[in-house]
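Residue-level structural notes
What follows is the residue order along each chain.
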Amino acid sequence: MAAFTCTSCPPISLRSEMMIASSTKASLSTRQMFSVGGGGLRTRVSLSSVSKNYRASRLRRGGTIVCEAQETATGIPLVNDTTWESLVLKADEPVVVDFWAPWCGPCKMIDPIVNELAQQYTGKIKFFKLNTDESPATPGKYGVRSIPTIMIFVKGEKKDTIIGAVPKTTLATSIDKFLQ
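Quick look at the structure, then. Owing to the predicted nature of the structure, the values given are computational and were not obtained by experimental measurement.

Here we take up the packing of helix α2 (residues 105-120) against helix α4 (residues 168-176). Running from N to C, α2 and α4 cross one another at 40°; their axes reach a closest spacing of 10 Å. On the basis of the axis angle, α2 is oblique to α4. Relative to α4, the crossing made by α2 is right-handed. Each of I110, I113, V114, E116, L117 and Q120 in α2 lies in contact with α4, whose residues at this interface are K168, L171, A172 and I175.

Rendered as structure tokens:
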């Protein structure tokens, strides 16, 4: 179990289940549990096997994935392909952009941390969110291949990229490098 420190986040949970193999005699599945609360990010992975007898013959591969994640509220303004240049590239102050998608569990896990940092750095750095499903051109232009991805721009130039659901301290350290 990995734990990352994160303060004053609302609780978020994500469950992912995948059927690895199944037949009338046996099944094998994996379950991953993720949660963020006052204690930080916690993960748990378990593998389960159920067999009706000791001979599991002709297992077939199948796959269903079920994900459940709590919606998170955001006060960060949105940017899209159309408004990108005026809001991000022509900004007078440094800009942090959170590339995300509504179906992305790790994006929902990091959202409270990004919101908290946006409040903490109000007046020093602008924060925006870009939905990669609704605006695919901009992420493609900047080589975004995984979400969540957070990029920091200074005077229209990309200066730093943080990929994945990282602790608040990692994001804050990256942002602090660009404060004047």
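Here the focus is the packing of aromatic side chains. Counted according to the given criterion, the structure contains four aromatic pairs. A centroid spacing of 5.5 Å and a plane angle of 50° characterise the contact between W84 and Y142, whose relative ring orientation is tilted. Of this pair, W84 sits in helix α1 (residues 84-89) while Y142 sits in the loop between α3 (137-141) and β9 (149-154), and the two are 58 residues apart along the sequence. Like Y142, W84 is buried. Ring geometry for W84 versus F153: centroids 5.3 Å apart, planes at 80°, classification edge-to-face. In this pair, W84 is assigned in helix α1 and F153 in strand β9, connecting sequence segments 69 residues apart. The exposure classification of W84 matches that of F153, with both residues buried. Through a chain of ring-to-ring contacts, three or more aromatic side chains come together here, namely W84, F99, Y142 and F153.

A cis amide bond links I147 to the next residue, P148, at an omega of 0°. Take P148: it is sitting in the loop between α3 and β9. Its identity is not glycine, yet K155 carries a phi of approximately 55°, on the positive side. Following the sequence through the fold, K155 ends up in the loop between β9 and β10 (157-163).

Moving on: the pattern of salt bridges. It is possible for side chains bearing opposite charge to pair when their charged atoms get close. Summed over all chains, the structure comprises six salt bridges. D98 is the partner of K129 in a salt bridge, and the nearest nitrogen-oxygen pair spans 2.6 Å. Of this pair, K129 sits in strand β8 (residues 126-131) while D98 sits in strand β7 (residues 95-100), and the two are 31 residues apart along the sequence. Both residues of the pair, K129 and D98, belong to the buried class.

Strand order in this open sheet of four strands is β8-β7-β9-β10, and the pairing throughout is mixed. Edge positions in the sheet fall to β8 and β10, since each of these pairs with one other strand and no more. Taking the axes of each pair of neighbouring strands and ignoring which way they run, one obtains an average angle of 20° across the sheet. Judged from the six bridges that link them, β9 and β10 form a sheet pairing that is antiparallel. Each bridged residue has a counterpart across the sheet, and for T149 the counterpart in β10 is I163. Running over the sheet, α2 touches β7, β8 and β9 and is turned about 160° from β8.

Cut-offs used in this document
Residues numbered from 1 in each chain as written. Predicted model: local features only at pLDDT ≥ 70, side-chain atom pairs only at ≥ 80, totals over all residues. Heavy atoms only, no water. Axes fitted to C-alpha atoms, helices over the stretch in contact; angles between N-to-C directions. Helix = DSSP H or I, 4+ residues; strand = E, 2+ residues; numbered from the N terminus. Parallel < 35°, antiparallel > 145°, perpendicular 65-115°, else oblique. Left-handed = near helix turned anticlockwise from the far one by under 90°. Contact = heavy atoms within 4.5 Å. Phe/Tyr/Trp six-rings, centres within 6.5 Å; stacked < 30°, edge-to-face > 60°. Buried < 20%, exposed > 50% of the residue type's maximum accessible area, 1.4 Å probe, protein only. Salt bridge = Lys/Arg side-chain N within 4 Å of Asp/Glu carboxyl O. Pairing = 2+ DSSP bridges.

Keep in mind these numbers describe shape, not what the thing actually does.
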